[in-house]
Amino acid sequence: MNPMQNPEYEKIDVLGVGFHKVTFDQALTLLLQKLAHKRDDHPFFVATPNPEMILESKKNKQFQKTLANTDLNIADGIGILWASYFLKKSQNIKSRFRMKITWINSLMKVVFSSKKIHSVLPERVTGTDMMQALCQKVTPETKIFLLGAGEGVAKIAAEKMQKIRKLNIVGAYCGNAGTQQEKNIQKMINEVEPDLLFVAFGAPKQEFWIERNLPYLTTVKVIMGVGGAFDFIAGIRKRAPKIFQKLGIEWLFRLIIQPSRWLRIFNATIKFPLTVLKVAQTKVSKK
Ligand code: UDP
């Protein structure tokens, strides 16, 4: 059953994208179940939208549609958890002034009282963390394919994961997010019959690639867009220390080590909260 219709996993709307109210462990268990059983009529499509992806989906309605067609959307980013909390709090506010105060208050809670921030959507689940957890927990027979990232990166990521635990990795290929090579890639994947396919073309390319190719993948049970996960696992990009992740300031670490990403970081940390406020205020004016 598609969990979008599964009452067990309530769906929370954040600016037009529905997120499933699942903890990391619930999502992991669900995906392990999908891998353990005969597959449904199509691969189970997992996306991990972050604040940048929400902003993109506001401009790009095709992307918004794609995110509505996934089987599971899990929140990647404390910003999404914050937005779900603030939007819920803002529902009964009737004055714009009180809305702004609540907005500032809720933003402060990200750092000082992060428990409250987790009260609507319970946990942040990054593509990298979920990929690593799945690779730790799948049965040794589960066939895994890594598609995407720069030339050779998927292979290095596969080797690194093999060092932690023996895995049945049946393919690691950089591929191409465009439509030219698609038939060849489908053939390459179908020939080695993977159960689990990780796609790392970055958003929104990877979600579009998955949506287009999903009907032609004959054996894949679970397919997941994982952004920069192969780069992190291969050690090409450094992940922020746990304390930065816990405080919700992974962006600060990224800004220090990759200043060229400033625009993406600005979008996630400034533009996204302001957009959420704007949307909440629009609702006040309509009341
Ligand atoms: N990527 C790719 N093909 C493309 C665009 C991106 O394989 O056409 C890869 C890129 O090499 C990287 C991953 O997609 O490994 C995601 O990159 P991004 O920095 O967007 O990841 P995020 O920071 O969003 O996790």
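See the structure above.
The structure contained in this document is the topic of the report that follows.

Cut-off values and rules
- Residues numbered from 1 in each chain as written.
- Predicted model: local features only at pLDDT ≥ 70, side-chain atom pairs only at ≥ 80, totals over all residues.
- Heavy atoms only, no water.
- Helix = DSSP H or I, 4+ residues; strand = E, 2+ residues; numbered from the N terminus.
- Rg over C-alpha atoms; globule rule 2.2 N^0.38 Å.
- Buried < 20%, exposed > 50% of the residue type's maximum accessible area, 1.4 Å probe, protein only.
- Contact = heavy atoms within 4.5 Å.
- Near = heavy atom within 4 Å.
- Polar contact = N/O pair within 3.5 Å; in protein donor to acceptor, adjacent residues only side chain to side chain.
- Areas by Shrake-Rupley, 256 points an atom, 1.4 Å probe, with all protein chains shown as cover.
- Nonpolar A, V, L, I, M, F, W, Y, C, P; charged D, E, K, R; others polar.
- Pairing = 2+ DSSP bridges.
- Axes fitted to C-alpha atoms, helices over the stretch in contact; angles between N-to-C directions.
- Phe/Tyr/Trp six-rings, centres within 6.5 Å; stacked < 30°, edge-to-face > 60°.
- Lys NZ or Arg CZ within 6 Å of the ring centre and 35° of its normal.
- Salt bridge = Lys/Arg side-chain N within 4 Å of Asp/Glu carboxyl O.

A look at the overall build of the protein
The number of helices and strands found in the protein is 14 helices and eight strands. Computed over its C-alpha atoms, the radius of gyration of the protein comes to 19 Å, within 12% of the 19 Å expected for a compact globule of 287 residues. C-alpha atoms of the protein, sized along the principal axes, occupy 60 × 40 × 35 Å. Considering the protein as a whole, with its 287 residues, one finds that 52% of them fall into the buried category. When contacts within the protein are restricted to residue pairs at least 6 apart in sequence, long-range pairs at least 24 apart make up 77% of them.

Observations concerning the site of the ligand
In the vicinity of the ligand, 14 residues are found, and the nearest of them are Lys-205, Gly-228, Asp-231, Arg-261 and Arg-264. At a separation of 2.9 Å, an oxygen atom of the ligand approaches a polar side-chain atom of Arg-237. Taking Arg-264, its side chain carries an N or O atom lying 2.9 Å from an oxygen atom of the ligand. In isolation the ligand offers 540 Å² of accessible surface; the protein chains occlude 72% of this area. Within the shell around the ligand, the residues separate by chemical class into three nonpolar, five polar and six charged.

A look at the sheet that holds strand S5 (residues 143-148)
Judged by pairing direction, the sheet is parallel, and its six strands sit side by side in the order S4-S3-S8-S7-S5-S6 without closing on themselves. Two strands in the sheet have a free side with no partner beyond their single neighbour: strand S4 (72-73) and strand S6 (168-173). Here strand S3 (residues 44-47) runs beside S4; their pairing, made up of two bridges, is parallel. Looking across to S4, one finds that Val-46 is bridged to Leu-72. The strands touched by helix H9 (residues 182-192) within the sheet are S5, S6 and strand S7 (196-200), with S5 carrying the most contacts at an inclination of about 165°.

Brief notes about the packing of aromatic side chains
Inspection of every chain in the model, using the stated rule, returns five aromatic pairs. Relative to Trp-209, the ring of Phe-201 lies with its centre 6.1 Å away and its plane at 65°, an arrangement referred to as edge-to-face. Like Trp-209, Phe-201 is buried. Relative to Phe-253, the ring of Phe-244 has its centre 5.7 Å away and its plane inclined at 70°; by these criteria the two rings are edge-to-face. For Phe-253, a relative accessible area of 12% gives the class buried. The side chain of Lys-183 reaches across the aromatic face of Tyr-216, ending 4.4 Å from its centre. Residue placement shows Arg-239 over the ring face of Phe-232; its charged tip is 6.0 Å from the ring centre.

A short note on the environment of Asp-13
With respect to the helices and strands, Asp-13 occurs in strand S1 (residues 11-14). For Asp-13, a relative accessible area of 48% corresponds to the partly exposed category. If we ignore the near neighbours within four places in the chain, the residues touching Asp-13 are Gly-18 and Leu-87. One polar contact links the side chain of Asp-13 to the main-chain amide nitrogen of Leu-15, over a distance of 3.5 Å.

Points about the pattern of salt bridges
Within this structure, the stated rule accounts for twelve salt bridges. Ionic pairing is found between Lys-34 and Asp-40, a salt bridge with its closest N-O pair at 3.3 Å. In this structure Asp-40 comes out as partly exposed when scored by relative accessible area, which is 36%. Note that Asp-76 is salt-bridged to Arg-124, the shortest N-O span being 3.9 Å. Here Asp-76, found in the loop between S4 and helix H4 (78-90), pairs with Arg-124, found in the loop between helix H6 (114-117) and helix H7 (127-137); they are 48 residues apart in sequence, far enough to count as distant. On the accessibility criterion, Asp-76 (16% relative accessible area) is buried.

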